[in-house]
Amino acid sequence: MSQLPMIAVRPNEMATLAAETQPEPQPAMQVRGLGVRFGSKLVLSDVDMSFPTGRITALIGPSGCGKTTFLRSLNRMHDTTPGAVVIGTVLLGDTDIYSSDIEATQVRARIGMVFQRANPFPTLSIYDNVVSGLRFNGIRKRAILDEAAEGALRAAALWDSVEHKLRTSAMRLSGGEQQRLCIARALAIEPDVLLMDEPTSALDPIATMRIEALLRKLCERVSIIIVTHNMQQAARVSDYCGFLMVDDARVGHLIETGPTVSIFSKPRDSRTEDYVTGRIG
Amino acid sequence: MSLPVGVGRSAGALRRLRLGDRAYRRALQALGLVVLGIFAAVGVSLFVQAWPALVHSGPGFVTGTTWDPNKAIYGVLPFIVGTLLTSAIALVLAIPIGIGAAIFLSEYAPRRIAAPLGVLVELLAAVPSVVYGLWGLLVLAPIFVSTVEPPLTQLPFARGPALGVGLLLAGVILAVMILPTITAVTRDLMSSVPAATREAVYGLGGTRWQVVRRAVLPSVRVGIIGGVVLALGRALGETMAVTFVIGNSNQIPRSLLAPTQTLASLIANEFTEATEPFHASALLSAAVVLLVIALLVNTLARLLVWSVSREMRETG
Amino acid sequence: MSVIPLALPDRRALIREASVASRRRRTVAGLVAASLCVVALLVALVPIVWIIVYTISQGIAAWSVDFFTKLPHPAGIPGGGIANALVGSLIIDGLAALMALPVGILAALFLAEFSGRLAGTVRFVMDVAAGLPAITIGLFAYAVIVVPQHHFSAFSASVALGVLMLPIVIRAGEGALRTVPNDLWEAGLALGVRRARVARSIVIPTAIPGLVTASLLAISRAVGEAAPLLFTAIGSQVFSTSVGGAMASLPLVVYQNGIQAYPDLQQNAWGTALTLLVLVVVLNVSARLLARRMRRHAR
């Protein structure tokens, strides 16, 4: 077993280079004045943030600060929670995804999601799991499904291990493999953005490493927004970071945002500095 | 196995403590055995009383189609058929309605109206079966005679005079009685499907119906079958409501509108007048047959429902 | 058909198109399905509403002071009441509860506290026994009590109903006892108190609301059952409080009067049915309210 990387905060050097040599592309998503309320309880308030195209943006912060709530407002997942109200604007490209003429199902076919615990459909095979999103969206042609499945499984670094057993049950895979299957499933419908909610928190270090390795390559296909409570992971993997925290009224705020390098080496806000140096957590 | 002396109490007191606990456990275990014994006694006592008639009729008891106490000929096949057919009709009607209602209550209805509506459906289960029987005989039967059955007599399997009472009405009443079972079991199972499974479908751009059809229903399929089998068990053993409306004919029913008899209604109708040789014993044999069928069906149901709830607990 | 790999933007466009094109179909399909489910629910509600409304309208007509205080009249003679059946039900059901509740609650305690093969078997058997036909249990009481004694009796009816109630009390009772938090059990044991004492002084009192709910549910089931009474108490036209003989009972009145062709007997049946319905609904609703209050306190 090879040595695991040192648990030191090492800024993402590739990202630094990319940020410095290439012009900023139009953001994949933007949020303005975003707030989320569950009934009368305000949980997240007044967030303004941009998510650059083709990059990985991490949302970090102590537990309970509203990172997941923030993430789920980006693909209208809160629509499925009765009593949840989302305020503000969330733009995918130029379009406000919460505008009344846009359906949530439309949004979610363009903004995919990977969850904290792998949730493959238990009654379906590996193949059926990967293509399930395509089938849900009305694509039935075998040729397209086959091709998309292979492409997605390759992108999730799973093809070689499952190529010969595509028809077997998805539940036979290990935890890490199941999560990569879920990533493949989300990728198969070619979303513009992929939201990831602490995708490796339930996995062992090796599986975590594998998934982190493929995130870098995925940037070519999708823009990634990842929530993580592990700041070393954020430092390893992301190009940009957003740091959130709750105030005394238990309302989450975006404290600081910027390139990962800056957040970790010269944060502007003292609270950010406290968090990334481990003084609070 | 003893603790060192001086750990808070004397060794003697500790030993007394353990004895008290052991006696307590023994007493409760004995009670458990008594309870098991009671139900074993149910089966055994019926079987003992049924034995003479079973010996007298032999295997012809279950396969014979003639039930003639005067000639001491006892064959319960017509009643087995009657029992199975009424239950089958009940299932055919209750399954789609029960599952459909459960889907609505669990997935579509806002919580504020789902709760009272659910209570209303469950109230169906609390109504005593004699009340169902009374309503069936005095309210539904006349409606069946006048409105429901005449158009049905055109169908090949529903020939015969429109009497109101008979196979169809009994099946309909049973359907109403087992509806709450199917709805309640399905609802419970659906609400225990973890949110993550539903969100997987939403996350891929699925509609709410796709969530229900592709994520929720497949994961509870086995449990729903268990609930259906459980409902079947109830339908098979139901006596009073059926006795009111079954029509009391000892022939194998040849039509949906025909009067017939189930094992349970047979016993209810004839037992107090059973004076011929072997008659009472034969009725008890019919009870044994009914008991065996009910036991098998109920055991199957419990195994199915248990396996699903165990799976949910392990993966949830 | 050969697979020509599509370049990424093309496949993406294809998927977008299909998604948009299928959306209307999927939405319509969803609406149709939802409507069918609504229809199913409405159909499911029709019987309960119909029965309740009809029973009330017919039964109220039968209700009067005489109805509840007089004895039944012979067929054809109007008037008469169900006084003997009211008292009879009270005695038979009361005796059944007296027999089944203590045994059931203690057995529930056994299941809640101990695990092992015996407990597992008891639990499984109770689950299966809950669905056994009531008439077979009535025949059991007939076989072991009526036959040896050579006469019908309310006592045998109580035994039958008690056996009927047992699985319900045990299952619901175990549920109630299990809601008592483990810390309470263990706190008592850790103090060196004997298990029996812990159960008696700590656990059972804490679970009382749940146990009462379980008992109410079991009683409400027993109150409405006629099948176990057919060959045990067999019903009666006269007033009696002797458990050693035949006795009238509310469900039997509904059955025995309901199948007769005489309108006044049928009206009696409706009045009795309404009485039963009220009893059962009151018991059930009380059980539910108690359960809800218990849950609120637990928070």
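Residues numbered from 1 in each chain as written. Chains lettered and ligands numbered in written order. Predicted model: local features only at pLDDT ≥ 70, side-chain atom pairs only at ≥ 80, totals over all residues.

Engineer: Mind laying out the overall build of chain C, listing which residues take part and the relevant values?
Structural biologist: When helices and strands are counted, chain C shows ten helices and zero strands. Each helix and strand of chain C, placed in order from N terminus to C terminus, yields the pattern α-α-α-α-α-α-α-α-α-α. Relative to a compact globule of 299 residues, whose C-alpha radius of gyration would be 19 Å, chain C shows 27 Å and is clearly more extended. The dimensions of chain C, computed from C-alpha atoms along their principal axes, are 90 × 65 × 40 Å. (Helix = DSSP H or I, 4+ residues; strand = E, 2+ residues; numbered from the N terminus. Rg over C-alpha atoms; globule rule 2.2 N^0.38 Å.)

Engineer: Go over the overall build of chain B, please, and point to the residues and values.
Structural biologist: From N to C terminus, chain B includes eleven helices and two strands. Reading chain B from its N terminus to its C terminus gives the helix and strand order α-α-β-β-α-α-α-α-α-α-α-α-α. Relative to the compact-globule value of 20 Å for 316 residues, chain B shows a C-alpha radius of gyration of 26 Å, a clear excess of over 25%. Expressed along its principal axes, the backbone C-alpha trace of chain B runs to roughly 85 × 65 × 30 Å. Within chain B, contacts between residues separated by at least 24 positions form 75% of all contacts whose residues are at least 6 apart in sequence. (Contact = placed C-beta atoms within 7 Å.)

Engineer: Got a sec to walk through the domain arrangement of chain B? Specific residues and values, please.
Structural biologist: Accessible area lost during the coming together of the parts is what is often quoted as the interface size. Residues and elements named next belong to chain B. Taken domain by domain, chain B holds domain 1 (11-57) and domain 2 (62-315). For domain 1 and domain 2, the distance between their C-alpha centroids amounts to 33 Å. Facing ten residues of domain 1, the contacting portion of domain 2 comprises ten residues. Tallied by class, the residues present in the side of domain 1 that touches domain 2 amount to six nonpolar, four polar and no charged. (Domains from an automatic or database assignment. Nonpolar A, V, L, I, M, F, W, Y, C, P; charged D, E, K, R; others polar.)

Engineer: If you had to explain the environment of Arg110 of chain A to someone new, which residues and values would you point to?
Structural biologist: Residues and elements named next belong to chain A. Tracing the backbone shows Arg110 in helix α3 (residues 104-110). Taking the number of C-beta atoms within 10 Å as the measure of exposure, Arg110 has 21 and is therefore buried. Each C-alpha atom, one on Arg110 and one on Asn75, is 8.6 Å from the other, the two residues being 35 residues apart in sequence. When neighbours within four sequence positions are excluded, Arg110 is seen to be in contact with Leu92, Pro191 and Asp192. (Buried ≥ 20, exposed ≤ 12 C-beta atoms within 10 Å, placed from the backbone.)

Engineer: Which residues make up the nonpolar core, and what are the values?
Structural biologist: Of all hydrophobic cores here, the largest spans 277 residues; its most connected members are Ala184 of chain A, Val131 and Ala287 of chain B together with Val169 of chain C. Looking at which element gives the most residues to this core, the answer is helix α6 (residues 167-191) of chain B, with 17 residues. A domain-level breakdown of this core finds at least three residues from each of domain 1 (11-57) and domain 2 (62-315) of chain B. In contact with Ala287 of chain B, other than residues within four places in its own chain, are Leu46, Ala50 and Ile267 of chain B together with Ile135, Thr136 and Leu139 of chain C. (Core = buried A, V, L, I, M, F, W, Y, C linked by C-beta atoms within 7 Å.)

Engineer: Before we move on, could you go through the environment of Leu118 of chain C and cite the residues and values that matter?
Structural biologist: Looking at the element boundaries, Leu118 of chain C is found in helix α4 (residues 117-129). Residue contacts for Leu118 of chain C: discarding those within four places in its chain leaves Gln29 and Gly32 of chain B.

Engineer: Can you tell me about the interface of chain B and chain A, naming the residues and giving the values?
Structural biologist: With 16 residues of chain B at the contact, the number on the chain A side is 20 residues. The set of elements that each furnish at least two residues to the side of chain B that touches chain A consists of α7 (195-203) and α8 (208-237) of chain B. Among the elements that take part in the side of chain B that touches chain A, α7 of chain B stands out by supplying seven residues, more than any other.

Engineer: Provide a residue-level description of α6 of chain B, including the pertinent values.
Structural biologist: Residues and elements named next belong to chain B. When the terminal C-alpha atoms of α6 are compared, their 36 Å separation across 25 residues agrees well with the 36 Å that a helix rising 1.5 Å per residue should span. A bend of about 35 degrees at Ile178 is the largest found in α6, and the proline Pro180 appears one to four places after it. Within α6, 23 of the 25 residues are buried, which leaves the element mostly enclosed by the surrounding structure. (Expected span 1.5 Å × (residues − 1). Bend = angle between axes of the 7 residues up to and from the residue.)

Engineer: Tell me what's going on with the packing of helix α3 (residues 83-113) of chain C against helix α8 (residues 195-223) of chain C, and back it up with residues and numbers.
Structural biologist: A pair of packed helices is captured by two measures, namely the crossing angle of their axes and the spacing between those axes. All names here are of chain C. As a packed pair, α3 and α8 sit with axes 10 Å apart at the nearest point and diverge in direction by 140 degrees. Here α3 lies oblique to α8, going by the angle between them. α3 and α8 meet at a crossing whose hand is right-handed. Mapping the contact onto sequence places Ser89, Asp93, Ala96, Ala97, Ala100, Leu101, Ile105 and Leu109 in α3 and Ala199, Leu211, Ser215, Ala218, Ile219, Ala222 and Val223 in α8. For the contact of α3 with α8, a count of residues per class yields twelve nonpolar, two polar and one charged. (Axes fitted to C-alpha atoms, helices over the stretch in contact; angles between N-to-C directions. Parallel < 35°, antiparallel > 145°, perpendicular 65-115°, else oblique. Left-handed = near helix turned anticlockwise from the far one by under 90°.)

Engineer: So what's going on with the interface of chain C and chain B? Residues and values would help.
Structural biologist: With 70 residues of chain C at the interface, the matching set in chain B holds 73 residues. Elements that contribute at least two residues to the side of chain C that touches chain B include exactly α1 (8-62), α3, α4, α5 (134-149), α6 (154-178), α8, α9 (250-258) and α10 (263-298) of chain C. For the side of chain C that touches chain B, a count of residues per class yields 53 nonpolar, 13 polar and four charged.

Engineer: Tell me what's going on with the pairing of strand β6 (residues 111-114) of chain A, and back it up with residues and numbers.
Structural biologist: Residues and elements named next belong to chain A. Along β6, one buried face is formed by Ile111 and Met113 and the opposite face, lined by Gly112 and Val114, is buried too. In this structure, β6 lies alongside strand β7 (residues 193-197), joined through four bridges in parallel fashion. Each bridged residue has a counterpart across the sheet, and for Met113 the counterpart in β7 is Leu195. (Pairing = 2+ DSSP bridges.)

Engineer: So what about the packing of α3 of chain C against α4 of chain C? Which residues, and what values?
Structural biologist: Residue and element names in this part refer to chain C. Two numbers describe how α3 lies on α4: the axes approach to 9 Å, and their chain directions differ by 125 degrees. Classified by the interaxial angle, the pair formed by α3 and α4 is oblique. The two elements α3 and α4 meet at a crossing, and its hand is left-handed. Side by side, α3 and α4 meet where Ala107, Phe110 and Leu111 of the first sit next to Ala119, Val122 and Arg123 of the second. In terms of residue class, the contact of α3 with α4 is made up of five nonpolar, no polar and one charged.

Engineer: Provide a residue-level description of the pairing of strand β8 (residues 223-227) of chain A, including the pertinent values.
Structural biologist: Residues and elements named next belong to chain A. Of all the five residues making up β8, five are buried; the element is thus mostly covered by neighbouring parts of the structure. The two faces of β8 match: Ser223, Ile225 and Val227 on one face and Ile224 and Ile226 on the other face are all buried. Two elements, strand β3 (residues 56-60) and β8, share four bridges in a ladder whose sense is parallel. Each bridged residue has a counterpart across the sheet, and for Ala58 the counterpart in β8 is Ile226.

Engineer: Explain unusual backbone geometry to me, and be specific about the residues and the numbers.
Structural biologist: The phi torsion at Arg76 of chain A lies on the positive side, around 60 degrees, for a residue other than glycine. With respect to the secondary-structure elements, Arg76 of chain A resides in the loop between α2 (67-73) and β4 (84-92). Even without glycine at this site, Asn248 of chain B takes up a positive phi of about 50 degrees. Under the C-beta neighbour-count criterion, Asn248 of chain B is labelled partly exposed, with 16 such atoms within 10 Å.

Engineer: Can you lay out helix α4 (residues 111-126) of chain B for me, pointing to particular residues and giving the numbers?
Structural biologist: All names here are of chain B. The terminal C-alpha atoms of α4 lie 23 Å apart, and with 16 residues this matches the ideal 22 Å at 1.5 Å per residue to within 8%. Residues of α4 that are buried include every one of Gly118, Val121 and Leu124, and no others. Along the axis of α4, the buried positions cluster into a sector of 90 degrees, meaning they face one direction only. Of the exposed residues in α4, the ones pointing more than 90 degrees away from its buried face are Arg112, Ala115, Pro116 and Val119. (Arc of directions from axis to C-beta.)

Engineer: Account for the confidence of the model for chain C, with residues named and values stated.
Structural biologist: Averaged over every residue, the pLDDT of chain C is 88; the share at 70 or more is 96%. Scored by ipTM, the complex comes to 0.87, with pTM at 0.85. (pLDDT = per-residue confidence, 0-100.)

Engineer: Could you give me a rundown of the environment of Val276 of chain A, with the residues and numbers involved?
Structural biologist: Note on placement: Val276 of chain A falls in helix α11 (residues 270-276). On the basis of neighbour count, Val276 of chain A is assigned to the buried category, with 22 C-beta atoms found within 10 Å.

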